[in-house]
Amino acid sequence: MKRAGQKDEALHRKDFLAETDGLLEESRDALADLAKAGGEPPPGAVNALFRAIHSLKGLSAMMGFSGLAGFTHELEGLLDALRMGRIDLSGDVLEVVAEALEAVAVTAGRIQAGEQDPELPHGTAARIRRTVAAGRSRDVADDGSGPRLPPDVDRMLTDYERHRLRESARRGRRLAFFTLELPVDSFESGLRKAMDEVARSGELIGTFPGGGGRDPTRIVFRLLGGLPPETPLDVVASLAGASSSELLECGGTALQGEPAAPLPTQVPLSVRATGGTVRVPLEKLEQLVNLTGELAFSRSALKRSLGKVLSSATDRTARFEAQKAFADLDRTVTALGRAALATRFVPVEQLTARLSRVVASMAPSLGKELTFDVYGGETEVDKVLAEELADPLLHIVRNALDHGIEPPGEREARGKPRAGRLTLMVETRGRMVVFTLADDGRGMEGEKLIRRAREKGLLSPFEPDPPDPLELVFLSGFSTAERVSEVSGRGVGLDVVRANLAKLKGNVRVTSTPGRGTTFEVQVPMTLVLVESLLVRTEGFYLALPTSGVRRAFRADPARVERRGETAVIVDEGEPLPLFSLATHLGLGSVGAAMDDTVVVVEQGSLRAGFTVSSIEGMEDVIVKPLADVIPRSREVTGAAELPGGSVALTVDPGLLLESALPRGPSNGGKR
Amino acid sequence: MSPGAGEAYLVFRAGGERFGLAVDRVQGVARARQIVPLPGAPPEYAGVTFVRGEPLGVLDAVRALGCRPEAAVRIGGAGGGFLVILEGERHALLVDRIESVEEIPAEALTPASAESGTVRGIVSSGESALRIVSVDEVLGGGKR
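Since we're looking at a predicted model, the values are computed, not measured.

**Some details on the environment of B:Ile35**
- Residue position: B:Ile35 is located in the loop between strand 3 (26-31) and strand 4 (45-51).
- Accessibility expressed as a relative area gives 5% for B:Ile35, which makes it buried.

Listed below in structure tokens is the structure:
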């Protein structure tokens, strides 16, 4: 385990170079789009280029590469002038940007070779400055003739958005607002879809939160779009999932078409990679994993037909060679399958580095001092999971910063060091990865939490005090209403954090000591893709039960099985265990058929029951693919997996299996 | 659609009858491999299978299209038949044989009666009647 503060610099550099590579790639793609576009720079491409260079500037400054930070600052200035319409897109501009990107790539190579703070070519920097200076005279002024916006939106507009708004009006586009009302716990996907749709139809000028919001379970956004005159507003609104749309009055005059500046047909673009890493879209990795699955299937088919052919082959040498070739293929396919899966794993450091940046930028604005230590950043998790974890962890970190850590004065008065301490420990426990985030702040008092819950009506006056008052913080409406600060953000509560973690098959728990601090523990499986499962056969079918829900398996003596009313029961580990035929329960076998004698004990929380199966085939790491909701089936069957031999197993959720098998209420035979 | 303009249909056979599906609703075809029955699914479901690494719900055309309701659903094993993979629906239709893609002029199509369920229209020329089926109706029936 490494401590982040003392982590070796090489690792930081590696991350920096990988990130730089990705940003350069994005920049080159955007530049190529600009070169194709003609005179009017497409705002999406200019913005993508601007954002990539802006990120690169920040990264360079953070790593202490002042030469690169200064150079990218100049380049950022040029791109800002371009996106704000202060300079035109010309062949010269494209060339100078291409030259600058090449200089950045060369510099990254020098950093990789070990140089501490390489200088960048002065000539290129001077050329950037000259280009920006030449455009100054064409500064675009606000003549007040632009479209009229509602005052609350007008206040939120950035200079760039204001510029795009004027541009859209000038070009005779229709300016429209699309209002979205989205569920607060899953708004990201709806918002993304709507933004994409508006951008596809024309240009997305800005996204503005708020404007309504009487329903606390929904969050309102307004998207401002500039659309070509012939675009049907209602169609865009419907595709974007907007609840309403509104056309804005436009004060500007439409543009009648300006001559486009001549552009060079080719822009010199470097394709050199610097960090030894390649960014690959996740879909490509998924395709790779799928194809290796297909290959495994073909291998099984080949094995069967080869067996048939070889059994009648008389040439012993040829038979031996074929068997050996197949054994080699078998090994390679297995290794390929493992390697393909490994490509999905990334060190959790990529995620914790983002958290560190948030802490560093946020603490001063809150008037707080603190150190943030990360342990175990080298732990690897599935890339998809790392992405999904970013928001819940960020929320907990923000919460600690905002509510947990006290201001320096208050800490001193309590005899604590001025600077608070936030520690994130990442470790693996079995197949779970555990994030423990501890602060040494003011902690939480159970009595206060109960009082607050009663005030908010979350606990009725007649309800007794809960045994674990800290659990109250995960109730909907508990943590959001009192104070929605800039830091705690959009007012989403810890209930949403818990719900989102549950979707990842994870959980969050909290412990706290008043005056000493609070600790949140987040547990999630390392991957949602590979699930260690007990493979069983029943009525000729393969079923996969995740081992996290299986307590044990044993062979039952039929003489020990008793009937208690409708239910068969066997005494196991000193307690009565209700017994069901898995096949009959899932509707795969005939009702009333004799029970098999192999029992799998399924356990989830306080629920436990035995399910009989024909045989246990072993434990396997299987790639579970969830079944689409539109495919009707028993709700216990949540996914399917292709097994190495080409068979298909249905995956059964242990919790749902127990829920459906055991009658509700205290009288059920299951252990509670 | 203007007179004479045709729509392209994928023509397949199931239960001895000929059916056509608009090709723009078809993602592709594949030979049927192992299809595993799904507990709790309606009778027209043959089960679930994997195509290029993704699980798809499989509707048995014989039952789903209602041509011979008494016909047995083919399940388990490598089985015979082909899958018509429906575009963007996470479903495939299990059919006996893929015949061709045919362009059919709109006027050649006799609209089916409202009671015809999944069949939208019938083309009566050639060797035997071709029933044009609606993907939405087929899936609607399966999901009910």
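Okay, back to it.
**Quick look at unusual backbone geometry**
All names here are of chain A.
- For Glu573, which is not a glycine, the phi torsion comes out positive at approximately 50 degrees.
- Summarising the element assignment, Glu573 is placed in the loop between strand 16 (567-572) and strand 17 (575-581).
- By relative accessible area, which is 43% here, Glu573 ends up partly exposed.

**Quick notes on the pairing of strand 19 (residues 607-613) of chain A**
Residues and elements named next belong to chain A.
- Counted residue by residue, strand 19 has seven buried out of seven residues, so it is predominantly covered.
- Residues Leu607, Ala609, Phe611 and Val613 of strand 19 are buried on one face, and the alternating residues Arg608, Gly610 and Thr612, pointing to the opposite face, are buried as well.
- Inspection of the sheet shows strand 17 paired to strand 19 by three bridges, in the parallel sense. Within strand 19, the position partnered with Ser581 by the bridge is Thr612.
- Here strand 18 (residues 598-604) runs beside strand 19; their pairing, made up of seven bridges, is antiparallel. Following the sheet pairing, Val599 is matched in strand 19 by Thr612.
- Counting the residues between successive antiparallel strands, the hairpin from strand 18 to strand 19 contains two residues, one of them, Gly605, with a positive phi of roughly 60 degrees.

**A look at the interface of chain B and chain A**
- Each partner contributes to the interface: chain B provides 24 residues, whereas chain A provides 23 residues.
- Taking both sides of the interface into account, the surface hidden between chain B and chain A amounts to around 2,000 Å²; carbon and sulfur atoms contribute 69%.
- Of all residues in chain B, the largest losses of buried area upon contact with chain A belong to B:Arg33, B:Pro39 and B:Phe50, amounting jointly to 32% of the total for that side.
- The interface formed by chain B and chain A contains two salt bridges.
- Note that B:Arg33 is salt-bridged to A:Glu642, the shortest N-O span being 3.2 Å.
- Linking chain B with chain A are five residue pairs in polar contact (both at pLDDT 80 or more).
- Only strand 4, strand 5 (54-60) and helix 2 (135-143) of chain B provide two or more residues apiece to the side of chain B that touches chain A.

**Points about the packing of aromatic side chains**
Residue and element names in this part refer to chain A.
- This model, assessed by the stated rule, comprises four aromatic pairs over all chains.
- Centre to centre, the rings of Phe16 and Phe65 are 5.1 Å apart; their planes meet at 50 degrees, and the pair counts as tilted. One end of the pair, Phe16, is in helix 1 (residues 9-37); the other, Phe65, is in the loop between helix 2 (43-63) and helix 3 (66-83), and 49 residues separate them in sequence. For the pair Phe16 and Phe65, a shared accessibility class is recorded, and that class is buried.
- Judged by centre distance (6.5 Å) and plane angle (90 degrees), the rings of Phe474 and Phe520 are edge-to-face. With Phe474 in the loop between helix 15 (446-455) and helix 16 (494-503) and Phe520 in strand 11 (residues 517-525), this pair connects stretches of sequence that are 46 residues apart. The same class applies to Phe474 and to Phe520, which are both buried.
- The residue whose ring lies beneath Arg498 is Phe474, and the NZ or CZ to ring-centre distance is 3.9 Å.
- Over the ring of Tyr542 we find Arg537; its NZ or CZ atom is 4.5 Å from the centre of that ring.

Reading guide: rules and limits
Residues numbered from 1 in each chain as written. Chains lettered and ligands numbered in written order. Predicted model: local features only at pLDDT ≥ 70, side-chain atom pairs only at ≥ 80, totals over all residues. Heavy atoms only, no water. Helix = DSSP H or I, 4+ residues; strand = E, 2+ residues; numbered from the N terminus. Buried < 20%, exposed > 50% of the residue type's maximum accessible area, 1.4 Å probe, protein only. Pairing = 2+ DSSP bridges. Contact = heavy atoms within 4.5 Å. Buried area = accessible area lost by both parts, 1.4 Å probe. Salt bridge = Lys/Arg side-chain N within 4 Å of Asp/Glu carboxyl O. Polar contact = N/O pair within 3.5 Å; in protein donor to acceptor, adjacent residues only side chain to side chain. Phe/Tyr/Trp six-rings, centres within 6.5 Å; stacked < 30°, edge-to-face > 60°. Lys NZ or Arg CZ within 6 Å of the ring centre and 35° of its normal.

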